[in-house]
Amino acid sequence: MLSIGTLAKRTGTKVQTIRYYEQIALMPKPGRSEGGQRRYGEAELDRLAFIRHSRQLGFSLEAIRELLDLSDSPERSCAKVDAVTQKHLRDVEARIARLEALRIELQRMISECSADRVADCRILEVLRDHEECLADHDRPGA
């Protein structure tokens, strides 16, 4: 059995995060030692590693909860897992598109700046007026 500190070290997760995952029921309530300390087994270690890796890949807590529920029923079809992951991929692609639009806009602003006087600074002009932007980078996926 592992203490919460050992579990945290083995998974690279903060103790406070583990407690939070328990509060929101992503992690089951742990067993307790006679002294009242939390105790975790291999199943909890695997579950926390799954959660941690899913978070590193950018999955929301809601999506992770759904994936965990699906993984708890191994006889079920994998189609729902695929659907959750495809939705996440679409969200990531939309964020990438938005970031690309931001990158292009920032490069344009910098290239149009004469670096002469602040009073004539093109970057500050564009920042004051969104209409000066070429792309609608304000919307997700734009």
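This text goes with the structure placed above it.
Residue positions are given per chain, counting from 1 as you read along its sequence in written order. Whole-chain, interface and lining totals are the exception, using all residues; otherwise, since this is a predicted model, local features are given only for residues with pLDDT of at least 70 and side-chain atom pairs are given and counted only at 80 or more. Processing note: side-chain calculations cover all non-hydrogen atoms of the structure and skip hydrogens and water entirely.

Engineer: Help me understand the overall build of the protein in this model?
Structural biologist: Each helix and strand in the protein was counted, giving six helices and two strands. Numbering of helices and strands runs from the N terminus; a helix is a DSSP stretch of H or I covering at least four residues, while a strand is a stretch of E covering at least two. Start at the N end of the protein and walk to the C end: the helices and strands fall as α-α-β-β-α-α-α-α. Whereas a compact globule of 142 residues would reach a radius of gyration of roughly 14 Å, the protein reaches 23 Å, over 25% beyond that. Dimensions of the protein, computed from the C-alpha atoms along their principal axes, are close to 70 × 40 × 20 Å. Two things to know: the radius of gyration comes from C-alpha atoms, and the globule rule equals 2.2 Å times the number of residues to the power 0.38.

Engineer: What am I meant to see in the packing of aromatic side chains here?
Structural biologist: The relation between two aromatic rings is expressed through the spacing of the ring centres and the mutual angle of the planes. Each aromatic pair joins two rings of Phe, Tyr and Trp (for Trp, the six-membered one) with centres within 6.5 Å, and gets the label stacked for planes under 30 degrees apart, edge-to-face for over 60, and tilted for any other angle. Throughout the structure, instances matching the rule amount to one aromatic pair. Ring centres 6.2 Å apart and planes at 50 degrees place the aromatic pair Tyr-20 and Tyr-21 in the tilted group.

Engineer: What exactly am I supposed to notice about the side chain of Thr-11 here?
Structural biologist: Its place among the elements puts Thr-11 in helix 1 (residues 4–11). Among the residues examined, Thr-11 registers a relative accessible area of 12% and is labelled buried. Only 3.0 Å separates the side chain of Thr-11 from the side chain of Thr-13, close enough to count as a polar contact. Here a residue-residue contact requires only that any non-hydrogen atoms of the pair lie within 4.5 Å. With residues near it in sequence (within four places) discarded, Thr-11 still touches Leu-45, Leu-48, Ala-49 and Arg-52. Only protein chains enter the accessibility calculation, which uses a 1.4 Å probe; a residue is then buried when its area is under 20% of its type maximum, exposed when over 50%, and partly exposed in between. Throughout this description, a polar contact denotes any pair of N or O atoms lying within 3.5 Å of each other; where both atoms belong to protein, one of them has to be capable of donating a hydrogen while the other can accept it, and for residues adjacent in sequence the pair is counted only when both atoms sit in side chains.

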